[in-house]
Amino acid sequence: KKRIVIKVGTSSLTYVNGKPNLRFFNSLACQIMDLQNRGYEVVLVSSGAIAIGMPLLGFEIKPNNLPQKQACAAVGQGTLMHLYERFFHEYGGKVAQLLLTKGDALNPKRYLHASTTLDALLALGAVPIVNENDAVSADEIKVGDNDTLSAVVASICDADLLIILSDIDGLYDKNPSLHLDAKFISYVPEFSRAFLTMAGDAGTARGTGGMATKLKAAEICVRSGIDMIIANSHLPDVLMNLIDGEPIGTLFL
Ligand code: ADP
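Residues numbered from 1 in each chain as written. Predicted model: local features only at pLDDT ≥ 70, side-chain atom pairs only at ≥ 80, totals over all residues. Heavy atoms only, no water.

When you tally the buried positions in strand 2 (residues 41–46), you get six out of six residues, the bulk of the element. Alternating residues of strand 2 divide into E41, V43 and V45 and V42, L44 and S46, and every residue in both groups is buried. Across six bridges, strand 1 (residues 3–8) lies against strand 2 in parallel orientation. If you follow R3 over to strand 2, its bridge partner there is E41. (Buried < 20%, exposed > 50% of the residue type's maximum accessible area, 1.4 Å probe, protein only. Helix = DSSP H or I, 4+ residues; strand = E, 2+ residues; numbered from the N terminus. Pairing = 2+ DSSP bridges.)

In structure tokens:
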């Protein structure tokens, strides 16, 4: 059975005001359930908890203060799961919540626990929805960003493919929001550290890592023998088209 990890970022899931993009949630749930119906096992790594929690606690901009950010994550994570539950139920799916921290990736015993839980959930037909446990984790115990987390999850569950859905079509040779002449790279057959220099800093105000963390994820995947694709979350039926081999996004092998 083919196992796929899919990562979606805050900028795809929410509007600037923190409200959920319902059409995106709907299409994501529908496509993931279609993948399951076609025999794939799917794990979703989802950001968005802080952004969704912010307006619920009266914040218009992201608080700088850590406990307040964690409060937003704690409130938003519940709302986020509730949203997923509603949309996945509509398509006959079952969702499960997994909140991880760095220790789950580094400590062999906890790594194994996470891995057997993921196996059990997938065998039972559930869609594990993974996020960093932001409500209780300070920087030193965090993986830090969900691009890296998704690569760690892909390796924990021995996935065949990681798909990172973003607000951009894939990797360019330099940041296309700053350079008009940036060229699209559709295929990276041999990942090397030289690619890391192509990424500028965090792209959007609400995205966290920009391209740098996606390249870090690619490095982890390539080293673990997992293929990785970066593609635009807003393309219609993007997941189905990717699985059917349409030439979209950037493929790392
Ligand atoms: P997400 O929330 O989907 O993870 P981010 O905003 O964190 O998205 O990252 C994507 C952004 O990274 C792009 O919109 C772009 O502005 C920026 N970026 C920086 N360097 C590059 C590059 N070389 N190729 C593509 N995008 C880049």
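This part is about unusual backbone geometry. The backbone of D158 shows a phi angle near 55°, a positive value even though the residue is not glycine. Relative accessible area serves as the criterion here: at 60%, D158 is assigned to the exposed category. Despite not being glycine, D237 has its phi angle at roughly 50°, a positive value. Within the secondary structure, D237 is located in the loop between strand 9 (227–232) and helix 9 (238–243).

Let us now look at the nonpolar core. Grouped together as the largest cluster of nonpolar side chains are 38 residues, with contacts concentrated most on V5, M228 and F252. Residue assignment for this core shows that the elements contributing at least two residues are strand 2, strand 3 (94–100), helix 6 (108–123), strand 4 (126–132), helix 7 (146–156), strand 5 (161–166), helix 8 (210–224) and strand 9. Discounting chain neighbours no more than four positions away, the residues touching F252 are L171, V188, F191, L215, A218, V222, D227, M228 and I230. Formed by 35 residues, the second largest nonpolar core is a distinct cluster that contains I4, F25, Y40 and A49. (Core = buried A, V, L, I, M, F, W, Y, C linked by side-chain atoms within 4.5 Å. Contact = heavy atoms within 4.5 Å.)

Now for the pattern of salt bridges. In total, this model carries nine salt bridges according to the counting rule given. Linking D244 and R38 is a salt bridge whose minimum nitrogen-to-oxygen distance equals 2.6 Å. Of this pair, D244 sits in the loop between helix 9 and strand 10 (250–252) while R38 sits in the loop between helix 2 (22–37) and strand 2, and the two are 206 residues apart along the sequence. The partner of R223 in a salt bridge is E219, and the shortest N-O contact between them spans 3.7 Å. Within this pair, R223 and its partner E219 are both found in helix 8, separated by four residues, close to a single helical turn. A relative accessible area of 65% means that R223 is categorised as exposed. One salt-bridge network, held together by shared partners, links R3, E41 and D119. (Salt bridge = Lys/Arg side-chain N within 4 Å of Asp/Glu carboxyl O.)

What follows covers the packing of helix 2 against helix 4 (residues 66–90). Following both chains from N to C, one finds helix 2 and helix 4 inclined at 55°, their axes separated by 9 Å at the closest point. Overall, the two elements helix 2 and helix 4 adopt an arrangement that is oblique. For the element pair helix 2 and helix 4, the recorded crossing hand is right-handed. The segment helix 2 lies against helix 4, with L22, F25, N26, L28, A29, I32 and M33 engaging L80, L83, Y84, F87 and F88. Broken down by class, the residue content of the contact of helix 2 with helix 4 amounts to eleven nonpolar, one polar and no charged. (Axes fitted to C-alpha atoms, helices over the stretch in contact; angles between N-to-C directions. Parallel < 35°, antiparallel > 145°, perpendicular 65-115°, else oblique. Left-handed = near helix turned anticlockwise from the far one by under 90°. Nonpolar A, V, L, I, M, F, W, Y, C, P; charged D, E, K, R; others polar.)

Another point: the side chain of D145. Among the structural elements, D145 can be located in the loop between strand 4 and helix 7. Of the side chains with opposite charge, K216 lies nearest to the buried D145, which makes no salt bridge, at 4.5 Å. Polar contacts involving the side chain of D145 include one to the side chain of T148, which spans 2.7 Å. What D145 contacts, discounting residues up to four positions off in sequence, is E132 and T213. (Lys, Arg positive; Asp, Glu negative; His and termini not counted. Polar contact = N/O pair within 3.5 Å; in protein donor to acceptor, adjacent residues only side chain to side chain.)

The next subject is the packing of helix 3 (residues 49–56) against helix 4. Two quantities define a packed helix pair, namely the angle between the axes and the distance from one axis to the other. Two numbers describe how helix 3 lies on helix 4: the axes approach to 6 Å, and their chain directions differ by 105°. Considered as vectors, helix 3 and helix 4 are oriented roughly perpendicular to each other. Packed against helix 3, whose contacting residues are A49, I50, I52, G53, M54 and L56, the element helix 4 presents K69, C72, A73, V75, G76, Q77, T79, L80 and L83 at the interface.

Below, the discussion takes up a nonpolar patch on the surface. A cluster of nonpolar side chains, namely L56, L57 and V75, defines an oily patch on the protein surface of about 240 Å² accessible area. A residue is classified by how much of its surface remains accessible, and V75, at 32% relative accessible area, is partly exposed. (Patch = residues over 30% accessible without salt bridge, like charges linked within 9 Å, V, L, I, M, F, W, Y side chains within 5 Å. Areas by Shrake-Rupley, 256 points an atom, 1.4 Å probe, with all protein chains shown as cover.)

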